[in-house]
Amino acid sequence: MTNQANATGESEALELAGKHLVLGLTGGIACYKAAELCRALIKAGATVQVVMTEAAAQFITPVTMQALSGRPVYTSQWDSREPNTMAHINLSREADALVIAPCSADFMAKLLHGRADDLLSLMCLARPIGKVALLVAPAMNREMYAHPATQRNFVQLEADGATVLGVGNGFQACGETGDGRMLEPEQLLEDIIAFFAPKVLAGQQVLITAGPTYEAIDPVRGITNLSSGKMGFAIARAAREAGAEVTLVAGPVSLPTPRGVTRADVKSALNMLEAVMERAQTATIFIATAAVADWRPAAPSAHKIKKDGSGQAPQLEFSENVDILATLAQSAAAQAGALFCVGFAAESHDLLENAQAKRLRKKVPLLVGNIGPDTFGQDYNALLLLDERGSTELPRASKLVLARRLVQEIATRMGARTPAQLSTSGKVSAS
Ligand code: CTP
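So, how was this worked out
Residues numbered from 1 in each chain as written. Predicted model: local features only at pLDDT ≥ 70, side-chain atom pairs only at ≥ 80, totals over all residues. Heavy atoms only, no water. Pairing = 2+ DSSP bridges. Helix = DSSP H or I, 4+ residues; strand = E, 2+ residues; numbered from the N terminus. Contact = heavy atoms within 4.5 Å. Axes fitted to C-alpha atoms, helices over the stretch in contact; angles between N-to-C directions. Near = heavy atom within 4 Å. Polar contact = N/O pair within 3.5 Å; in protein donor to acceptor, adjacent residues only side chain to side chain. Areas by Shrake-Rupley, 256 points an atom, 1.4 Å probe, with all protein chains shown as cover. Nonpolar A, V, L, I, M, F, W, Y, C, P; charged D, E, K, R; others polar. Salt bridge = Lys/Arg side-chain N within 4 Å of Asp/Glu carboxyl O. Buried < 20%, exposed > 50% of the residue type's maximum accessible area, 1.4 Å probe, protein only. Phe/Tyr/Trp six-rings, centres within 6.5 Å; stacked < 30°, edge-to-face > 60°. Lys NZ or Arg CZ within 6 Å of the ring centre and 35° of its normal. Patch = residues over 30% accessible without salt bridge, like charges linked within 9 Å, V, L, I, M, F, W, Y side chains within 5 Å. Core = buried A, V, L, I, M, F, W, Y, C linked by side-chain atoms within 4.5 Å. Parallel < 35°, antiparallel > 145°, perpendicular 65-115°, else oblique. Left-handed = near helix turned anticlockwise from the far one by under 90°.

(A) Highlighting the sheet that holds strand S4 (residues 97–103). One open sheet holds the five strands; their spatial order is S3-S2-S4-S5-S6, and the pairing between them is parallel. The sheet terminates laterally at strand S3 (47–52) and strand S6 (163–164), the two strands that pair on one side only. Pairing analysis gives six bridges linking strand S2 (residues 20–25) to S3, with the strands arranged parallel. Looking across to S3, one finds that histidine 20 is bridged to threonine 47. Sitting on the sheet, helix H4 (residues 105–112) is in contact with S4 and strand S5 (133–138), with an inclination near 140° to S4.

(B) Inspection of the site of the ligand at higher detail. In the neighbourhood of the ligand, 15 residues make up the surrounding shell, with Ala288, Ala290, Phe344, Lys358 and Lys362 lying closest. Interatomic distance of 2.6 Å between a backbone N/O atom of alanine 290 and an oxygen atom of the ligand. Lysine 358 has a polar side-chain atom sitting 2.7 Å from an oxygen atom of the ligand. When the free accessible area of the ligand is taken as 580 Å², the share hidden by the protein chains comes to 78%. Mapped by element, the contributors of at least two residues to the shell around the ligand are helix H11 (324–329), strand S17 (340–347) and helix H13 (351–362). Here the shell around the ligand is composed, by residue class, of nine nonpolar, one polar and five charged.

(C) Here's a closer look at the pattern of salt bridges. Applying the stated criterion across every chain yields a total of 22 salt bridges. With a closest N to O distance of 3.1 Å, glutamate 15 and arginine 404 form a salt bridge. Taken together, the positions of glutamate 15 in the loop between strand S1 (2–4) and S2 and arginine 404 in helix H15 (residues 399–415) put the pair 389 residues apart, joining distant regions of the chain. By relative accessible area, glutamate 15 is classed as partly exposed at 25%. Where arginine 240 meets aspartate 191, a salt bridge forms, and the shortest distance between an N and an O atom there is 3.2 Å. Placement of the pair is arginine 240 in helix H9 (residues 230–241) and aspartate 191 in helix H8 (residues 185–196), with a sequence separation of 49 residues.

(D) Molecular detail of the packing of aromatic side chains. Tallying each qualifying case throughout the model produces two aromatic pairs. The interplanar angle of 85° and the centroid separation of 5.3 Å between the aromatic rings of phenylalanine 195 and phenylalanine 196 together place this pair among those described as edge-to-face. By relative accessible area, which is 23% here, phenylalanine 196 ends up partly exposed. Lying over the aromatic face of tyrosine 74, arginine 81 brings its terminal NZ or CZ to 4.4 Å of the ring centre.

(E) Quick peek at a nonpolar patch on the surface. Together, Ile29, Tyr32 and Phe59 give the surface a local cluster of nonpolar side chains, amounting to about 340 Å² of exposed area. Tracing the backbone through its elements, the reader meets phenylalanine 59 in the loop between S3 and helix H2 (62–69). Owing to a relative accessible area of 43%, phenylalanine 59 belongs among the partly exposed residues under this scheme.

(F) Local environment of the pairing of strand S20 (residues 390–398). Examined bridge by bridge, strand S19 (residues 380–387) and S20 share seven bridges and lie antiparallel to one another. What sits directly across from leucine 385, in S20, is threonine 392. Hairpin connection of S19 to S20: two residues between the antiparallel strands.

(G) Examining the nonpolar core more closely. Counting 38 residues, the largest nonpolar core has Leu201, Val206, Ile287 and Ile410 as the members making the most contacts within it. With nine residues, H15 is the single largest residue contributor to this core. By size, the runner-up hydrophobic cluster in this structure holds 35 residues, among which are Val99, Ala133, Leu183 and Leu189.

(H) How the structure looks around the packing of H4 against helix H5 (residues 119–126). At a minimum axis distance of 10 Å, the contact between H4 and H5 shows a crossing angle of 40°. With respect to each other, H4 and H5 are oriented oblique. Crossing geometry of H4 relative to H5 is assigned as right-handed. Across the interface between the two elements, Phe107, Lys110 and Leu111 from H4 touch Leu120, Ser121 and Cys124 from H5. Grouping the amino acids of the contact of H4 with H5 by side-chain chemistry returns four nonpolar, one polar and one charged.

Right, here's the structure in full:
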């Protein structure tokens, strides 16, 4: 039985389509990044209404923000463009969220006290808390950030229903280095998209392997493969968006860590096995996307192997690597239904037959098949999901779009498990 899972045919995600955001700028040098953020939000499908404080207008002009957002910018509660003169009510009612980026230390303190002496703070206070979210992206000098008053304010802001996005670490405009920089626009975009995503994996602990492994022959050579890790990283991002705690065990790849994901870098299959087993105890979902080497040189040389002039290539002996997925799929936790295992199969031909056979051999409830040579290193893929009921196609789309659909499919299957299965816990051990 084959069915098409929510095939919409789109290849790119417009994650914020239909969302209307108020982007509030307060006084800080990070206002220059708000211009980029505004573009990124619009590119992701949102409509953006910019509101600036007087101090923000010292750093970037309303003209720039108007040009980028395509809407007149509001800076004053006395704005006569609003027929009822109530810009704070009108603008806050039509928004899905107010995003304050940058949010200065002073503006945070103001929010805490419920002060409302300019349009932006007035809007924050006047917004219907249950309907219109408030996200703040702090930006300040490291000493200001570390000050107990600021730290206290973060806690209280969260308690009052705001979502405080993190801060970056690094060189600051004042010449000092430390915590307090505003997050980069692409990081803020990732967090805002995650904020709106349905939390279908809330409470789940997801462990993911990704990328290739590298099996050393000697200190300068080794055996690896063409896996880029992109699918696994996209799934890590999608799972975090869906509310899970995510740990990513990554082979040698040069990809940025998705926001909010814990990452452990490993090299060889043995390293990967060790890293996975250390973390498997607390996992509730295991997703094996890594292209783990099947064999490793049995006795890697401690020194570089030199040509000996005989014209003969060195003879290499190989040992088989432990199958990480099969080990976890046959663990007590998985058998008891406390660990849901998802495998991947990268095939070159006869996808359905090969993937079906692999699912049974590895004893996983869900196996995801794809054609390896068509997808290695690419941003697009097409997936074939196999479980005990049959197969489901996820047609060609970007890896991130597919990852989000896969997360949804996993959540549906986990939801279908019986309460008895969900409450049972087992121990995971390497066999
Ligand atoms: N896998 C694993 N540990 C290994 C080998 C594979 O965890 N030592 C996992 C992969 O991450 C993937 C699945 O098993 O989820 C299938 O991997 P694949 O390389 O396609 O399968 P193999 O078992 O190696 O079978 P073959 O190479 O014969 O197709």
